[in-house]
Amino acid sequence: MKTITKQYKLIVFLCISILTISCETDVTDDITIAESTPKLVINGGLERNITSPLATQQIRLTTTINFLSNEPNPPVTDATVSITDGTETWVFSHQGDGYYANAMMPMLDKTYTITIEWNGEAYEGADPLNEAPTFTNFYTEFEEETIFFTGGYFIKFDSQDPADIENYYYYRVVKDGEYFIIPDAGNSFNLITSDEFFDGQMRSGVTLNREITFEPGELATGQQLGISEEYFDYLFELFTQTGSSGGFGGNPPPATIRSNVINLTTPSNRAVGYFYSVDVEEGSVVVEE
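Residues numbered from 1 in each chain as written. Predicted model: local features only at pLDDT ≥ 70, side-chain atom pairs only at ≥ 80, totals over all residues. Heavy atoms only, no water.

A.B. asks: I'd like to hear about the pattern of salt bridges, residue by residue, with values.
C.D. replies: Applying the stated criterion to the full structure yields 7 salt bridges. Taking the shortest distance from any N to any O, the salt bridge between Arg 48 and Asp 279 comes out at 2.8 Å. With Arg 48 in strand S1 (residues 40–49) and Asp 279 in strand S16 (residues 272–286), the pair connects residues that are 231 residues apart, well separated along the chain. Notably, a salt bridge pairs Asp 85 with Lys 110, separated by 4.0 Å at the nearest N-O pair. With a gap of 25 residues between them, Asp 85 in the loop between strand S3 (80–84) and strand S4 (89–96) and Lys 110 in the loop between strand S5 (99–102) and strand S6 (111–118) connect regions that are remote in the sequence. Exposure remark for Lys 110: the relative accessible area of 31% places this residue in the partly exposed category. (Salt bridge = Lys/Arg side-chain N within 4 Å of Asp/Glu carboxyl O. Helix = DSSP H or I, 4+ residues; strand = E, 2+ residues; numbered from the N terminus. Buried < 20%, exposed > 50% of the residue type's maximum accessible area, 1.4 Å probe, protein only.)

Take a look at the structure:
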């Protein structure tokens, strides 16, 4: 549940537009914004992880809230959720607080389609599950501090990229039991990548995240996710807007990022968020001096 919660907070922050204020005087009480019809917010997807298999696959559904509200997004508890690969269909049951789950095991080279029925409308989105190359070496390495990066132990890996196949990757680091992402404009280049410039090559000494360091004795866990081109494009916009807003200061709120989940009943009432299918290559190592 930590995985989906962490990503949920990031996506809601970017896609639903949290207000940021740089002036010293609080004037929000003087601002009136017309109420709009709440939109469905989807966060989560399917993850194939043969190293640390998930007990259940989870999707969280909430709704958007008023622009100036400080309240959490209300969970959707009365939706009907199912996922199919075109041959078999799995019904996801509500577990509480907007989380829907099923113990299905996603498979490679399948395209999974989610269908959500809620509030008298039907939503649908799809994403293919592409294989992630294995780590041929997974380790940590100490680097001195520079004017650009903090010094410390960084997660690194070696991996063979498959030749003549368009591959897209997303890197995640687990620290203290949670996926850790620092808002930074550079994430759109550092945490996701395509193999456009290294197709079929052996990649050596790849740093998973240059902003997350570890200390001797800590358990360092890193993941390379095989993702679709569409999810890559979504994450690129997501991370770009993370950097442009910074989370603080007087920048304008981020623009809503287009979801892959469409409303079949009322196309103009599109959902927010993204439904993904990913393959996870995972490695862990205890940091040694």
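Still to come is the rest of the account.
A.B. asks: How would you sum up the packing of aromatic side chains? Please name residues and give values.
C.D. replies: Within this structure, the stated rule accounts for 13 aromatic pairs. When the centroid spacing of 6.3 Å and the interplanar angle of 50° are considered together, the rings of Trp 90 and Tyr 112 count as tilted. Of this pair, Trp 90 sits in strand S4 while Tyr 112 sits in strand S6, and the two are 22 residues apart along the sequence. Take Trp 90: its relative accessible area is 14%, and that puts it in the buried class. (Phe/Tyr/Trp six-rings, centres within 6.5 Å; stacked < 30°, edge-to-face > 60°.)

A.B. asks: If you had to explain the nonpolar core to someone new, which residues and values would you point to?
C.D. replies: Core analysis: the largest hydrophobic core is formed by 22 residues, its most contacted members being Leu 61, Phe 92, Ile 116 and Phe 275. Counting only elements with at least two residues in this core, the list comes to S1, strand S2 (57–63), S3, S4 and S6. Here Leu 61 is in contact with Leu 40, Val 41, Ile 42, Pro 75, Val 76, Ala 79, Val 81, Gly 98, Tyr 100 and Ile 116, once residues within four sequence places are set aside. With 17 residues, the next largest nonpolar core counts Ile 227, Phe 232, Ile 257 and Tyr 276 among its residues. (Core = buried A, V, L, I, M, F, W, Y, C linked by side-chain atoms within 4.5 Å. Contact = heavy atoms within 4.5 Å.)

A.B. asks: For the pairing of S2, give the residues involved together with the corresponding values.
C.D. replies: A large share of S2 lies buried, amounting to 7 of its 7 residues. Going residue by residue along S2, you find Gln 57, Ile 59, Leu 61 and Thr 63 tucked away on one face and Gln 58, Arg 60 and Thr 62 tucked away on the opposite face as well. Where S1 meets S2, 5 bridges bridge the pair, whose relative direction is antiparallel. Paired with Leu 40 across the two strands is Thr 63, which belongs to S2. As paired strands, S2 and S5 are joined by 4 bridges and run antiparallel to one another. When the bridges of S5 are listed, Gln 57 appears paired with Asn 102. (Pairing = 2+ DSSP bridges.)

A.B. asks: Explain the environment of Asp 195 to me, and be specific about the residues and the numbers.
C.D. replies: When you line up the elements, Asp 195 lands in the loop between strand S12 (192–194) and strand S13 (202–207). Residue classification places Asp 195 among the buried positions, given a relative accessible area of 5%. Sequence-wise, Asp 195 and Ala 163 are 32 residues apart; in three dimensions their C-alpha atoms are separated by 9.4 Å. Setting aside residues up to four positions removed in sequence, Asp 195 forms contacts with Asp 161, Pro 162, Ile 165, Glu 166 and Asn 167.

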